[in-house]
Amino acid sequence: MTRKPVLEHPTLAVIKKAFPDAGLKATEFREMTTVVIPREKIHEVARYLHDSPDCDYDFLADVVGIDYMGYPVEQPGRFAVSYVLASGKHGLRITLKTYVDPSVDTSGIDFDPELEVDSITDIWPGAEWPEREVYDMFGIRFKNHPDLRRILLWRDFPAHPLRKDYPLRGRGEREHYQTLNRESR
Amino acid sequence: MPYTLEPDQGFDLDIESTEYLKDHVHGPDRWVLNFGPQHPATHTTLRLVLELDGERVARCTPHIGYLHSGFEKLAEHHDYNQYVCTISRMDYVSPIVNDIAWHQAVERLFGIDITPRCKVLRTIMSEFGRIQNHLLCVGAAALDLGAFTGFLYGFNEREFIYDLVEYISGQRYHPDWTRVGGTWRDIPDDEVFIRMSKKLLQERIPRSIDDLETLLNRNRIFVDRLKGVGEVSSEDAIAWGLSGPCARASGVRRDVRKDNPYLCYKDNWDGAGAEAVKFSVPISTDGDCFSRYLVRVEELKQSISIIEQLIDNIPDGPMNVLSDSKAGVPDSAEVYGSIEGVIQLFELKMHNRGWDTPIGEVYDSSESPNGELGYYIVADGDRCAFRASTRPPSFINYQVFAKLVEGHQIADVPAILGSLNIIAAELDR
């Protein structure tokens, strides 16, 4: 089923010209073009895609976290963050993607300085909750995020559950739930 | 266990870290009201911490996650057909739209082009889903302001759409109707289906819309309570990524059916030059609760016209993509009548078989009643998705809620909440 990607997306030429040495890589699958961007450049490229009139990506559809542990095709890093952008004016969609690698054990919620990506909430304010969700589920923190708290789970939940090393049935959080009553206060 | 639940986590601290809430002056009449999670006016399980200045909302901090049940983790352990049962439970007000959106994304991943008959039926059903959702939302908009009658007018007709859903899928509430490459089964009888649909389209739903409009559009209390409440400017709507009726009520022309057409919204959908269905995208520029209501009512009429264009022209032919692609569930005649059908059915059901899945990633979105409903699927060649992320429209639309209620009276909170049509099951997944 291997097919050579068709890299004809009109935005590719524009950002290639604007960032000649950024080390951008592009791929395509089922008419979806993905640009892989180094972590340091993601904010800069996103800003350009939003502001430049040639691109004008005004709509951020989603921010998706992915854990590639055990993926059959080797990836440049263990975790990835994908940004799905759309431009209403040009009727185009493009996906940006950046990879991060953990430096500490990923089974808990320990602070990891390596798992950090620049937040894009200053470009698209609507990234606020999707980024919080990625932080909640994968433990990837977003630098300069206005309000980076966990969103779906509570603060002390001992894992980031969408990581691949977290088991489907959990680690007994439901069974060993600490009940609070008046006396325990 | 290594974690403890502290009794007072201090929402004060949380509020302080939210930047756009900082400007408000601290008055002496401040008090805090915990709105929800169990409260009839929140519709579902939502919790808002409202800091009130008298009866005016000074700050609002939404806390979500009370219905979080790990749907996306489940997606990594359910195959592409099984997960549709979970998907149905996200936006439970119009579950059939979720089914169709999910399998549309999966079919894009597999590179399957479904049959014209299936496209028409899926378009019809997703428009019925839109009617279902908007009827609830418009009715509930009245209920939130104390007008119970409007709610019943809306809910009554939803009941008959459930009957139709039951007729095609066997289940009233959560149809789980679609499968990869088609649907679970063909509709039992075209004539009965058309007759049921026409009765809905020509009698019941227009009457109900008329009733609602007569009751609400010029209702002094309703209009006064909604006009100028919860205004979103078009710049804000774009910046915060709003989609669906919420964006269109703010003057943003964004509709996936027009921007990235799919199914019968696309030209040449049957491969023989059929034209796309004709409909217009209603837009309002006020951006307040009342224009969100008006946009929804207008979309109801557009949905009826879309179904009317298709209902008499349901093409014959197979429902599912069959033997060539090895992806669709074969129909019963094929299963009982040929060895290939049996093999294909078994291969799809057996745990060590399944699809010949490509390795790659797709994002596909469709216009659900609340906005852009997208699925980001990472496939690793297995029968289950490696990662299936959802872009629930409620989740993105709910972000602006805290900004909308600030400065309004506490009685406006349910009205704004209802006009955004937040479905908590979709919000928390």
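Scoring rules and cut-offs
Counting restarts for each chain, with residues numbered from 1 along the sequence as it is written. Throughout, the order in which chains and ligands are written sets their labels, letters from A for the former and numbers from 1 for the latter. In view of the model being predicted, local features appear only for residues whose pLDDT reaches at least 70, and side-chain atom pairs are presented and counted only at 80 or more, with totals across whole chains, interfaces and linings using the full set of residues. To get the side-chain values, all heavy atoms of the structure are used, and hydrogens and water are removed first. The contact criterion used throughout is that any non-hydrogen atoms of two residues lie within 4.5 Å. Reported buried area values correspond to the accessible surface (1.4 Å probe) lost by two parts on association, with both partners' losses combined. Criterion for a salt bridge: a side-chain nitrogen of Lys or Arg within 4 Å of a carboxyl oxygen of Asp or Glu. Whenever two N or O atoms come within 3.5 Å, that pair is a polar contact, provided that in protein one can donate a hydrogen and the other can accept it, and provided that, for residues adjacent in sequence, both atoms are side-chain atoms. Here a strand is any run of E in DSSP of at least two residues, a helix any run of H or I of at least four, and the numbering for each starts at the N terminus. A 1.4 Å probe that fits into a set of points on a 1 Å grid over the protein atoms alone but cannot get out defines a cavity; an open set with protein on both sides within 12 Å along at least five of seven lines defines a pocket, and lining residues are those with an atom within 4 Å of a point. Grid points are joined across faces, edges and corners, and a volume is the space filled by probe spheres set on the points. Any residue that is not Ala, Val, Leu, Ile, Met, Phe, Trp, Tyr, Cys, Pro, Asp, Glu, Lys or Arg is counted as polar, Gly included; the first ten are nonpolar and the last four charged. The rule is simple: take the accessible area with a 1.4 Å probe, protein chains only, and divide by the maximum for that residue type; under 20% is buried, over 50% is exposed, in between is partly exposed. Strands are treated as partners if at least two bridges between them are detected by DSSP. Between the N-to-C directions of two axes lies an angle of 0 to 180 degrees, each axis being a line fitted to C-alpha atoms and, for a helix, fitted only over the stretch in contact. Throughout, the term roughly parallel applies to angles under 35 degrees, roughly antiparallel to angles over 145, roughly perpendicular to angles from 65 to 115, and oblique to all others. Take the far helix as the reference: if the near one is turned anticlockwise from it by less than a right angle, the crossing is left-handed, and if turned clockwise, right-handed. Aromatic rings from Phe, Tyr and Trp, with only the six-membered ring used for Trp, were paired whenever their centres fell within 6.5 Å, and each pair was classed as stacked if the ring planes differed by under 30 degrees, edge-to-face if by over 60, and tilted otherwise. Only Lys NZ and Arg CZ are tested; either one counts as a charge over a ring when it is within 6 Å of the ring centre and within 35 degrees of the ring normal. For the purpose of charge, His is not counted, nor are the chain termini; Lys and Arg are scored as positive and Asp and Glu as negative. Think of pLDDT as the predictor's per-residue confidence, scored from 0 to 100.

Caption draft 1: Spatial organisation of the interface of chain A and chain B. Contacts between the two partners involve 60 residues from chain A, matched on the other side by 61 residues from chain B. Both faces combined, the contact of chain A with chain B buries some 5200 Å², and carbon together with sulfur accounts for 59% of it. Summed over the shared surface of chain A and chain B, the number is 4 salt bridges. Its salt-bridge partner being glutamate 76 of chain B, residue lysine 164 of chain A comes within 3.1 Å of it at the nearest N-O pair. Linking chain A with chain B are 20 residue pairs in polar contact (both at pLDDT 80 or more). Looking at the side of chain A that touches chain B, the elements with two or more residues in it are strand 3 (59–67), strand 4 (79–87), strand 5 (92–100) and helix 3 (128–138) of chain A.

Caption draft 2: Inspection of the layout of surface pockets at higher detail. There is about 1100 Å³ of room inside the second largest pocket. If you trace the second largest pocket, you find 36 residues lining it, with Arg30 and Glu31 of chain A together with Arg108, Lys266 and Asp364 of chain B closest to the centre. For the lining of the second largest pocket, the elements supplying multiple residues, two or more each, are strand 2 (32–36) and strand 5 of chain A together with helix 4 (95–110), helix 5 (116–144) and strand 6 (359–368) of chain B. In terms of residues, the lining of the second largest pocket owes the most to one element, strand 5 of chain A, which gives 4 residues. Taken together, the residues of the lining of the second largest pocket sort by class into 13 nonpolar, 9 polar and 14 charged.

Caption draft 3: Region of the structure containing unusual backbone geometry. Positive phi is not limited to glycine here, since asparagine 421 of chain B has a value of about 55°. Mapped onto the elements, asparagine 421 of chain B comes out in the loop between helix 17 (412–420) and helix 18 (424–428).

Caption draft 4: Inspection of the environment of valine 57 of chain B at higher detail. Residues and elements named next belong to chain B. Within the element layout of this structure, valine 57 appears in strand 3 (residues 56–63). A residue is classified by how much of its surface remains accessible, and valine 57, at 1% relative accessible area, is buried. Taking the C-alpha atoms as reference points, valine 57 and arginine 218, separated by 161 residues in sequence, lie 28 Å from one another. Beyond its immediate sequence surroundings of up to four residues, valine 57 is in contact with Leu50, Glu51, Leu52, Val405, Glu406, Gly407, His408, Gln409, Ile410 and Val413.

Caption draft 5: Fine view of the pairing of strand 2 of chain A. All names here are of chain A. Where burial is concerned, most of strand 2 is hidden: 5 out of the 5 residues are buried. What you see with strand 2 is no split at all: Met32, Thr34 and Val36 on one side and Thr33 and Val35 on the other are buried throughout. As paired strands, strand 1 (residues 25–29) and strand 2 are joined by 5 bridges and run antiparallel to one another. If you follow glutamate 28 over to strand 2, its bridge partner there is threonine 33. In textbook terms, the turn of a hairpin is the stretch between consecutive antiparallel strands, and for strand 1 and strand 2 this stretch comprises 2 residues, one of which, arginine 30, has a positive phi near 50°. Where strand 2 meets strand 5, 3 bridges bridge the pair, whose relative direction is parallel.

Caption draft 6: Region of interest: the packing of helix 5 of chain B against helix 7 (residues 190–216) of chain B. All names here are of chain B. Running from amino to carboxyl end, helix 5 crosses helix 7 at an angle of 25°, the nearest separation of the two axes being 12 Å. Judged on the interaxial angle alone, helix 7 and helix 5 are roughly parallel. Note that helix 5 runs across helix 7; the crossing there is left-handed. On the side of helix 5, the interface is formed by Arg117, Leu121, Ile124, Met125, Phe128, Ile131, Leu135, Val138 and Ala142, while helix 7 contributes Asp190, Phe193, Ser197, Leu200, Leu201, Ile205, Ser208, Leu212 and Leu216.

Caption draft 7: Up close: the packing of aromatic side chains. Going through the model one piece at a time under the given rule, you end up with 24 aromatic pairs over all chains. Ring geometry for tyrosine 68 of chain A and tyrosine 99 of chain A: centres 5.9 Å apart, planes at 35°, overall tilted. Of this pair, tyrosine 68 of chain A sits in the loop between strand 3 and strand 4 while tyrosine 99 of chain A is found in strand 5, placing the two residues 31 residues apart along the sequence. On the basis of relative accessible area, tyrosine 68 of chain A is assigned to the buried category, the value being 5%. An angle of 80° between the planes, with centres 5.3 Å apart, marks the rings of tyrosine 80 of chain B and phenylalanine 110 of chain B as edge-to-face. Of this pair, tyrosine 80 of chain B sits in the loop between helix 2 (71–75) and helix 3 (83–87) while phenylalanine 110 of chain B sits in helix 4, and the two are 30 residues apart along the sequence. Since its relative accessible area comes to 0%, tyrosine 80 of chain B is described here as buried. Through a chain of ring-to-ring contacts, three or more aromatic side chains come together here, namely Tyr80, Tyr83, Trp102, Phe110 and Tyr375 of chain B. When the ring centre of phenylalanine 386 of chain B is taken as reference, the NZ or CZ atom of lysine 164 of chain A above it lies at 4.0 Å. Lying across the ring of tyrosine 265 of chain B, arginine 257 of chain B places its NZ or CZ 5.8 Å from the centre.

Caption draft 8: Spatial organisation of the side chain of glutamate 426 of chain B. Residues and elements named next belong to chain B. As for its position among the elements, glutamate 426 is in helix 18. At 8.0 Å, arginine 429 is the nearest oppositely charged side chain to glutamate 426, a buried residue that forms no salt bridge. In this structure glutamate 426 touches Met90, Asp91, Asn370, Leu373, Pro392, Pro393 and Ser394, once residues within four positions along its chain are discounted.

Caption draft 9: Quick look at the side chain of arginine 132 of chain A. Residue and element names in this part refer to chain A. When you line up the elements, arginine 132 lands in helix 3. Residue class for arginine 132 comes out buried when judged on its relative accessible area of 5%. Contact partners of arginine 132, with chain neighbours within four places excluded, come to His145, Asp147, Leu148, Arg149, Arg150 and Ile151.

Caption draft 10: Region of interest: the confidence of the model for chain B. Residue-level pLDDT values for chain B average 83, and 90% of them are 70 or greater. For this predicted complex, the interface confidence reaches an ipTM of 0.91, while the overall pTM sits at 0.87.

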